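In case you want the letters, here they are:
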Amino acid sequence: NADSDAQLRQGSLADLVVDSSHSHVFVSGGPGGSGIEVYTFAGALVKMIEHEPGASTMVLSPDGTRLFVALFNGDASAQLALGDQLAFGIDTDLS
């Protein structure tokens, strides 16, 4: 049962990615946002991944170990390494 009172901290939704192997949902806030919210399938906030200005479009790697994020405000992209601790490594230099 999802929490019917769950609300997005950033107030907007640009993209949503489901990680079924870890039972997490990643939510980006778009141009007005500053990070990525991570929720359980029940709607509980697990973590706020901050300092990702304008996090917008997201793609989960086929093996579920990396989340690629377009950063609208920074005119850049980020690659987040996912694991048990969620986003333990962030690489903003994807050249």
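Here is a short report on the structure shown in this document. (Residues numbered from 1 in each chain as written. Predicted model: local features only at pLDDT ≥ 70, side-chain atom pairs only at ≥ 80, totals over all residues. Heavy atoms only, no water.)

### Examining the overall build of the protein
In step 1: The number of helices and strands found in the protein is 0 helices and 8 strands.
In step 2: Mapped from its N terminus to its C terminus, the protein presents α and β elements in the order β-β-β-β-β-β-β-β.
In step 3: Across the 95 residues of the protein, 40% fall into the buried class.
In step 4: Taking all contacts inside the protein whose residues are at least 6 apart in sequence as the whole, residues at least 24 apart take part in 29%. (Helix = DSSP H or I, 4+ residues; strand = E, 2+ residues; numbered from the N terminus. Buried < 20%, exposed > 50% of the residue type's maximum accessible area, 1.4 Å probe, protein only. Contact = heavy atoms within 4.5 Å.)

### A short note on a nonpolar patch on the surface
In step 1: A cluster of nonpolar side chains, namely Leu8, Leu13, Leu16, Val18 and Phe41, defines an oily patch on the protein surface of about 450 Å² accessible area.
In step 2: By the secondary structure assignment, Phe41 is in the loop between strand S3 (35–40) and strand S4 (45–50).
In step 3: Exposure remark for Phe41: the relative accessible area of 44% places this residue in the partly exposed category. (Patch = residues over 30% accessible without salt bridge, like charges linked within 9 Å, V, L, I, M, F, W, Y side chains within 5 Å. Areas by Shrake-Rupley, 256 points an atom, 1.4 Å probe, with all protein chains shown as cover. Salt bridge = Lys/Arg side-chain N within 4 Å of Asp/Glu carboxyl O.)

### Brief notes about the side chain of Asp19
In step 1: Position of Asp19 among the secondary structure elements: in strand S1 (residues 15–19).
In step 2: No salt bridge is formed by the buried Asp19; the nearest opposite charge belongs to Arg66, separated by 13 Å.
In step 3: A distance of 2.9 Å separates the side chain of Asp19 from the side chain of Ser21, its partner in a polar contact.
In step 4: Filtering out sequence-adjacent residues up to four positions away, Asp19 remains in contact with His24, Phe26, Phe41, Leu60 and Gly64. (Lys, Arg positive; Asp, Glu negative; His and termini not counted. Polar contact = N/O pair within 3.5 Å; in protein donor to acceptor, adjacent residues only side chain to side chain.)

### Focus on the nonpolar core
In step 1: Counting 13 residues, the largest nonpolar core has Phe26, Ile36, Met58, Leu67, Val69 and Leu80 as its most contacted members.
In step 2: At the level of secondary structure, the elements contributing two or more residues to this core comprise S3, strand S5 (55–60), strand S6 (66–71) and strand S7 (76–81).
In step 3: For this core, the element with the most residues is S6, which contributes 3 residues. (Core = buried A, V, L, I, M, F, W, Y, C linked by side-chain atoms within 4.5 Å.)

Read these as spatial facts, not as claims about activity.
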